[in-house]
Every structure is written in C-alpha cells, then in structure tokens.
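Here's the letter readout for the chains.
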Amino acid sequence: MTLRYMIIGAGGTGAPLGAFLAKNGADVTLIARGAHLAAMQEKGLRFEQSDGETWTVPVNAFDMDGFLAAKAQGAPSPDVIFVCVKGYSLDDTIPFIRSAAGEKTVVIPILNIYGTGRTMQAQLPGLLVTDGCIYISSNLAAPGVIQRHGSIFRVIFGTPDHRTDNPVLCQVAADLTAAGIDTLYSPFVEKDTLLKFSHVSPMAACGQYYHVKAGAMQKPGEIRECFIRLVGEILELARAMGIELDDKPDAPLMQSHLKILDDLAESASTSMQRDIEAGKNSEVDGLIYQVVRLADKYGLACPEYRKVAQKVKAELAEK
C-alpha cells in the first residue's frame with residue numbers, strides 16, 4: 001500500500017517527519033507559510049543533525065490556500081494527515097482538514113497537549129482521528145533549515161478502541177520505521193500520550209514559574225523539588241483517570257523523569273517558555289491551565305499546579 005502523506009506544520013516536529021519520509025521516497029506534502037515555505041519550495045528542506053551529518057531533500061510544499069487550489073485542479077487528497085502545529089493553532093487547522101481530506105483520510109495529531117486526539121475526533125466526526133505524540137529535540141534554525149539535537153526520534157499513535165489492526169495505520173507504522181523513525185502503533189495510546197505530558201508539562205510549569213532553564217532544575221533544592229511535586233500531581237491525576245503511569249517497580253516514573261531532566265543540556269527549555277519570552281502565543285493553556293481544569297473535574301487538590309497557574313496567569317496579564 002502506497003500512502004500520500006500531508007504534514008500540517010513544518011516546524012520542529014513536522015519538518016523532521018517530512019524530511020525522513022521524503023528521503024525514504026514517500027509521497028509527502030508539507031503545509032507551511034512565509035519565508036520557510038518559500039525556502040523549501042526553492043531549495044528543498046535542509047536537515048542538520050547534532051553529529052554533523054547534513055542533507056537536503058526536495059519536498060512538495062504549499063500554504064493552505066495553495067494546496068486547496070491544487071486540489072480544485074485535480075490534485076488528490078492525502079491518505080494520512082499529520083497535524084504538527086502548536087496547540088493554540090489547532091482550531092485554525094480544522095476547516096482546512098475538512099476541505100483537504102478525502103472520505104478515508106486518517107488524521108494523526110502530534111502535539112504536546114494531552115487529549116488533542118479526542119478534541120479533534122469531536123471536530124472531525126467523519127474521519128478516523130488517532131491520538132499521538134512525538135519525542136524529538138529539533139527546531140527551525142532558519143527558513144528551510146531544521147536542526148536536530150540528540151538521537152531520539154520516536155512517534156507513537158493509536159486509536160481509542162485500542163485496536164492495532166487498521167491497515168492504513170499499520171502501513172504508516174511500516175513507512176515511518178522504514179524511514180528510520182522509532183515507531184509504535186500503540187494499543188494504549190492514552191497512557192503513552194499522558195506519559196509524555198507528565199514530563200513536558202511539569203518542566204514547562206516549573207521553568208516558567210521560576211523563569212529558569214533545565215540547569216536550575218538539575219540541582220538539588222527548591223526548584224527541583226517543585227518539578228518533583230508537579231510530576232507527582234500528574235501521577236495522581238492519571239490514577240484518578242484510571243491510568244496507572246508508574247507501573248514498573250524496577251524503573252519508577254519519577255526516577256525516569258529525573259534522569260531525562262538531568263540528561264538535558266543546562267540551557268534546554270520548553271517551547272512554551274521560549275514563546276512566552278519572545279512575546280508570542282504559547283501552549284500555556286494546554287500545558288498548565290488544563291491540568292487545573294482536570295484537577296477540578298476529578299476533585300483533586302493539585303496545589304503545586306494551582307500555585308504555578310495563578311502566578312503565570314498574573315504575570316501574563318501584566319504583559
């Protein structure tokens with residue numbers, strides 16, 4: 001089965017997906033805009049890895065209007081759409097997906113925000129929408145240029161029915177694996193996506209509360225203890241939701257998360273922090289405020305998240 005892929009959001013997560021798939025010969029269309037779009041159209045997508053390896057791959061790239069114009073002239077709909085935008089841009093993609101997709105198009109959201117798949121399932125009732133997440137450290141270094149930091153590149157997706165026999169999704173897993181991406185078509189995607197959230201959200205919340213990067217969280221003391229308490233509250237929330245994240249006695253989740261934190265460069269920070277610092281829209285609602293809303297829903301105290309949310313909201317209101 002040969003699939004046509006579309007990737008909406010050709011930044012730090014979407015562009016690596018597109019680059020690896022295209023390099024392996026897949027039919028890939030990237031949706032982007034501005035100077036980044038123009039650079040990809042003119043020169044292709046340049047990929048720079050931390051080990052010094054650099055390569056450029058030609059890609060099909062459009063903005064949303066350009067793709068819909070091409071479709072009106074007979075261009076086929078994608079079989080698979082990866083949604084790789086920031087959480088605050090998600091609603092803007094829905095009308096485009098409705099217009100770009102075919103009846104059998106599969107939609108795979110790859111965002112930091114927990115529950116994105118369920119949100120999109122309600123907005124796109126006629127399409128198969130999975131849940132999903134991605135593990136990679138990369139960023140848009142310049143128009144048409146992506147820099148990858150480290151070696152990890154993992155994609156996880158799955159459906160709420162916990163089945164793993166959908167032919168299209170099986171082919172997606174095979175294509176990603178063939179392209180050199182560690183891939184899991186998961187029967188427990190709710191747990192997998194919450195597991196990633198249980199690290200990203202506490203790091204973003206702690207970092208923004210104290211206005212620090214990873215190095216400050218790596219040292220014993222008040223800041224590190226805040227991170228630990230935030231992770232603990234996500235674990236508590238997960239149990240209230242019927243999801244046991246910390247189910248490996250030989251490798252407790254807290255120990256795992258602290259190791260991940262300690263292995264980061266001291267200068268590492270979350271994209272939410274960088275966006276706030278730059279005065280841009282950020283994923284603060286999904287990464288911090290949403291935890292408080294879920295705590296209210298499940299009747300949990302979560303005092304650390306409430307403290308962080310109150311301070312962050314007040315600081316942002318002053319800007």
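Residues numbered from 1 in each chain as written. Predicted model: local features only at pLDDT ≥ 70, side-chain atom pairs only at ≥ 80, totals over all residues. Heavy atoms only, no water.

K.L.:
Mind laying out the overall build of the protein, listing which residues take part and the relevant values?
P.N.:
When helices and strands are tallied, the protein shows 13 helices and 11 strands. By the compact-globule yardstick of 20 Å for 319 residues, the protein fits well, its C-alpha radius of gyration being 19 Å. Taking all contacts inside the protein whose residues are at least 6 apart in sequence as the whole, residues at least 24 apart take part in 68%. Accessible area of the protein: about 14,400 Å², with a carbon and sulfur share of 51%. Counting 31 positive and 37 negative side-chain charges, the protein places the averaged centre of each group 2 Å from the other. (Helix = DSSP H or I, 4+ residues; strand = E, 2+ residues; numbered from the N terminus. Rg over C-alpha atoms; globule rule 2.2 N^0.38 Å. Contact = heavy atoms within 4.5 Å. Areas by Shrake-Rupley, 256 points an atom, 1.4 Å probe, with all protein chains shown as cover. Lys, Arg positive; Asp, Glu negative; His and termini not counted. Charge placed at Lys NZ, Arg CZ, Asp CG, Glu CD.)

K.L.:
Can you break down helix 12 (residues 284-297) residue by residue, with the values?
P.N.:
In this model helix 12 runs 19 Å from its N-terminal to its C-terminal C-alpha over 14 residues, within 8% of the 20 Å that 1.5 Å per residue would give. The largest bend along helix 12 reaches roughly 40° and is located at Q290. Along helix 12, the positions that sit buried rather than exposed are V284, G286, L287, I288, Y289, V291, V292, L294 and A295. Contacts made by the buried residues of helix 12 are with helix 7 (189-210), helix 9 (222-240), helix 11 (271-277) and helix 13 (303-318). (Expected span 1.5 Å × (residues − 1). Bend = angle between axes of the 7 residues up to and from the residue. Buried < 20%, exposed > 50% of the residue type's maximum accessible area, 1.4 Å probe, protein only.)

K.L.:
Quick rundown of the nonpolar core? Include the residues and the values.
P.N.:
Counting 45 residues, the largest nonpolar core has C206, M217, F227, L287, I288 and Y305 as its most contacted members. Of all elements in the fold, only helix 7, helix 8 (214-218), helix 9, helix 10 (253-263), helix 11, helix 12 and helix 13 reach the threshold of two or more residues within this core. Not counting residues within four places of it along the chain, the set of residues in contact with F227 comprises H199, P202, M203, C206, M217, H257, L258 and L261. Among the nonpolar cores identified, the runner-up in size contains 41 residues, and W55, V59, C84 and I181 belong to it. (Core = buried A, V, L, I, M, F, W, Y, C linked by side-chain atoms within 4.5 Å.)

K.L.:
Please give an account of the packing of helix 9 against helix 13 that cites residues and values.
P.N.:
Where helix 9 contacts helix 13, the two axes come as close as 8 Å, and the packing angle between them is 115°. Contacts from C226, R229, L230, E233 and I234 of helix 9 reach helix 13 at P303, E304, Y305, K307 and V308. For the contact of helix 9 with helix 13, the class distribution of residues is 6 nonpolar, no polar and 4 charged. (Axes fitted to C-alpha atoms, helices over the stretch in contact; angles between N-to-C directions. Nonpolar A, V, L, I, M, F, W, Y, C, P; charged D, E, K, R; others polar.)

K.L.:
Give a description of the side chain of H257 that names residues and reports values.
P.N.:
Inspection of the secondary structure assignment puts H257 in helix 10. With residues up to four places along the chain from it excluded, the contact list for H257 reads L195, S198, H199, F227 and V231.

K.L.:
Can you explain the packing of helix 7 against helix 13? Please cite residues and give values.
P.N.:
Across the interface, helix 7 lies against helix 13 with an axial gap of 10 Å and an inter-helix angle of 55°. In this view, helix 7 runs oblique relative to helix 13, as classed from their interaxial angle. Classified by chirality, the crossing of helix 13 by helix 7 is left-handed. The segment helix 7 lies against helix 13, with S201, P202, A205, Q208 and Y209 engaging Y305, K307, V308, K311, V312 and E315. In the contact of helix 7 with helix 13, the residues fall into 6 nonpolar, 2 polar and 3 charged. (Parallel < 35°, antiparallel > 145°, perpendicular 65-115°, else oblique. Left-handed = near helix turned anticlockwise from the far one by under 90°.)

K.L.:
Lay out the pattern of salt bridges in plain terms, naming residues and giving numbers.
P.N.:
If you walk through the whole model with that rule in mind, you get 14 salt bridges. Taking the shortest distance from any N to any O, the salt bridge between R293 and D285 comes out at 2.9 Å. Residue classification places R293 among the partly exposed residues on the basis of a relative accessible area of 40%. Between E315 and K311 there is a salt bridge, and its shortest N-O distance comes to 3.9 Å. Here the residue E315 and the residue K311 both occupy positions in helix 13, the gap between them amounting to 4 residues, near one helical turn. We classify K311 as partly exposed; its relative accessible area is 30%. What emerges from the salt-bridge pattern is a single network uniting R229, E304 and K307. (Salt bridge = Lys/Arg side-chain N within 4 Å of Asp/Glu carboxyl O.)

K.L.:
Provide a residue-level description of the sheet that holds strand 6 (residues 80-83), including the pertinent values.
P.N.:
Strand order in this open sheet of 6 strands is 5-2-1-6-7-8, and the pairing throughout is parallel. Of all strands in the sheet, those bounded by a partner on one side alone are strand 5 (60-62) and strand 8 (128-129). Pairing of strand 7 (residues 106-109) with strand 8 involves 2 bridges; the strand directions are parallel. The residue bridging V107 from the neighbouring strand is V129, located in strand 8. Set on the sheet, helix 4 (residues 90-100) makes contact with strand 1 (4-8), strand 2 (27-31), strand 6 and strand 7; between it and strand 1 the angle comes to about 155°. (Pairing = 2+ DSSP bridges.)

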